[in-house]
Amino acid sequence: MQLRAQIIVDISASDFVQAADHQSRLTGFVQELKNHYPEVQLVIRERRDRKPDPSGLPNAPVLKRPAIGARQAKIE
C-alpha cells in the first residue's frame, strides 16, 4: 500500500528576503523529516490572487462556449 502525506503551509511574505527566510526555515524542517522519510520533497510555489470573475459583476455579459462537437454557422 502506498500513502502520500501532504502538509500545506500558506505563508505571506512582504518581499523576497522574507520569503527566502521562510524557505530556509522550511528546509530545516524537511531535513529533519529526511531522517525518517528519505524521499521527502519540499515544493514551494508562489500563489497569486485570482482575477475577479467577470460573470459575478453586475451587468457583465455572459459568453457561452458552444458545446463540444456542436456545429457553428455564420448568420448574416
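Below you will find a few notes about this structure. Given the structure is predicted, the values throughout are model-derived calculations rather than measurements. (Residues numbered from 1 in each chain as written. Predicted model: local features only at pLDDT ≥ 70, side-chain atom pairs only at ≥ 80, totals over all residues. Heavy atoms only, no water.)

Quick word on the overall build of the protein chain
Along its length, the protein chain carries 1 helix and 0 strands. For the protein chain, the computed accessible surface area is about 8800 Å², with 51% contributed by carbon and sulfur atoms. (Helix = DSSP H or I, 4+ residues; strand = E, 2+ residues; numbered from the N terminus. Areas by Shrake-Rupley, 256 points an atom, 1.4 Å probe, with all protein chains shown as cover.)

Some details on the layout of surface pockets
The space that makes up the largest pocket amounts to roughly 1800 Å³. Taken together, 33 residues make up the lining of the largest pocket; nearest its centre are Ile7, Gln41, Leu42, Val43 and Ile44. (1 Å grid on protein atoms, 1.4 Å probe; cavity = no way out; pocket = protein on both sides within 12 Å on 5 of 7 lines; lining within 4 Å. Points joined across faces, edges and corners; volume = space filled by probe spheres on them.)

A closer look at the pattern of salt bridges
Going through the model one piece at a time under the given rule, you end up with 2 salt bridges. Two residues, Arg47 and Asp10, come together in a salt bridge whose shortest N-O distance is 3.2 Å. Pair noted here: Arg47 is in the segment after helix H1 (16–34) and Asp10 is in the segment before H1, with a separation of 37 residues, a long-range link. The class of Arg47 is exposed, set by a relative accessible area of 67%. For Asp10, a relative accessible area of 59% corresponds to the exposed category. (Salt bridge = Lys/Arg side-chain N within 4 Å of Asp/Glu carboxyl O. Buried < 20%, exposed > 50% of the residue type's maximum accessible area, 1.4 Å probe, protein only.)

Some thoughts on H1
Residue pairs three or four apart in sequence face the same way in an α-helix, which turns once every 3.6 residues. Here H1 spans 26 Å end to end across 19 residues, near enough to the 27 Å set by a 1.5 Å rise per residue. For H1, the capping residue at the N-terminal end is Asp15, with a side-chain oxygen 3.3 Å from the backbone nitrogen of Val17. (Expected span 1.5 Å × (residues − 1). Polar contact = N/O pair within 3.5 Å; in protein donor to acceptor, adjacent residues only side chain to side chain.)

Thoughts on the environment of Asp10
In this structure, the C-alpha to C-alpha distance between Asp10 and Ile44, residues 34 residues apart in sequence, is 9.9 Å. At 3.2 Å, the side chain of Asp10 and the side chain of Arg47 are in polar contact.

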